[in-house]
Amino acid sequence: MDAVAGAARKAKVNAVGTMKTGVPLKVRVEDEIEEIDSVTEAADFLQRWPLERRGHVYRSALNACSAAIAAQISDADAMKVFTGFARVTGILIAEGNPAMAMDARSVQSRTPKQGRQMPK
């Protein structure tokens, strides 16, 4: 193995959870925009999230970031979960658009529609 390949492999192993995604995810909280560009930045952001706003989606995002940092899932998968958290909480900023607002029609009910059976 040449030195360049060995160094690249070693850097990847040592950089779990810190690998840059290439395109930062932008979130807006209280008129401030923050760019999230790695799993560790996402985890840091989640640690600062208000206690009274921590629910199931928050816990899923924090668990995904923790799992990526521990190399149990990929950084890409953790960032997908974090992106979902940002979208659901209404803080995600789409490129070139103001913060995306959740439209009532875009949020699906978690209860089955009339006549449908609950999954077993």
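### Section: the environment of V57
Structurally, the position occupied by V57 is in helix α3 (residues 56-69). As for V57 and F82, which are separated by 25 residues in sequence, their C-alpha atoms are 8.9 Å apart. Look past the residues within four positions of V57 in its chain and what remains in contact with it is F85 and V88.

### What about the sheet that holds strand β2 (residues 32-36)?
The strands that make up a sheet pair up through hydrogen bonds in the backbone, lying either parallel or antiparallel. With respect to topology, three strands assemble into an open sheet ordered β2-β1-β3, the strand pairing being antiparallel. The open sheet has two edge strands with one neighbour each: β2 and β3 (92-93). Contacts from helix α2 (residues 39-47) reach β1 (25-29) and β2, with the element oriented near 140° to β2.

### Notes on the layout of surface pockets
Looking at the largest pocket, its volume works out to about 240 Å³. If you trace the largest pocket, you find it lined by V27, V29, E30, E32, I33, E34, F45, R48, W49, P50 and R53. No other element matches the three residues that β2 contributes to the lining of the largest pocket. For the lining of the largest pocket, a count of residues per class yields six nonpolar, no polar and five charged.

### A look at the packing of α2 against α3
Interhelical geometry of α2 versus α3 gives an angle of 145° and a closest axis separation of 9 Å. Crossing angle aside, the handedness with which α2 passes α3 is left-handed. Side by side, α2 and α3 meet where V39, T40, A42, A43, L46 and Q47 of the first sit next to Y58, A61, L62, C65, A68 and I69 of the second.

### Comments concerning the pattern of salt bridges
A full pass over the atoms with the stated rule returns three salt bridges. Residue R48 is joined to E34 by a salt bridge in which the shortest nitrogen-to-oxygen separation is 2.6 Å. Of this pair, R48 sits in the loop between α2 and α3 while E34 sits in strand β2, and the two are 14 residues apart along the sequence. The closest approach of N and O atoms between D77 and K80, which form a salt bridge, is 4.0 Å. Of this pair, D77 and K80 are both found in helix α4 (residues 75-89), three residues apart, which corresponds to roughly one turn of the helix. Of the residues examined, K80 reaches a relative accessible area of 60% and is grouped as exposed.

Calculation criteria
- Residues numbered from 1 in each chain as written.
- Predicted model: local features only at pLDDT ≥ 70, side-chain atom pairs only at ≥ 80, totals over all residues.
- Heavy atoms only, no water.
- Helix = DSSP H or I, 4+ residues; strand = E, 2+ residues; numbered from the N terminus.
- Contact = heavy atoms within 4.5 Å.
- Pairing = 2+ DSSP bridges.
- Axes fitted to C-alpha atoms, helices over the stretch in contact; angles between N-to-C directions.
- 1 Å grid on protein atoms, 1.4 Å probe; cavity = no way out; pocket = protein on both sides within 12 Å on 5 of 7 lines; lining within 4 Å.
- Points joined across faces, edges and corners; volume = space filled by probe spheres on them.
- Nonpolar A, V, L, I, M, F, W, Y, C, P; charged D, E, K, R; others polar.
- Left-handed = near helix turned anticlockwise from the far one by under 90°.
- Salt bridge = Lys/Arg side-chain N within 4 Å of Asp/Glu carboxyl O.
- Buried < 20%, exposed > 50% of the residue type's maximum accessible area, 1.4 Å probe, protein only.

Interpretation in functional terms is not warranted from these geometric data alone.
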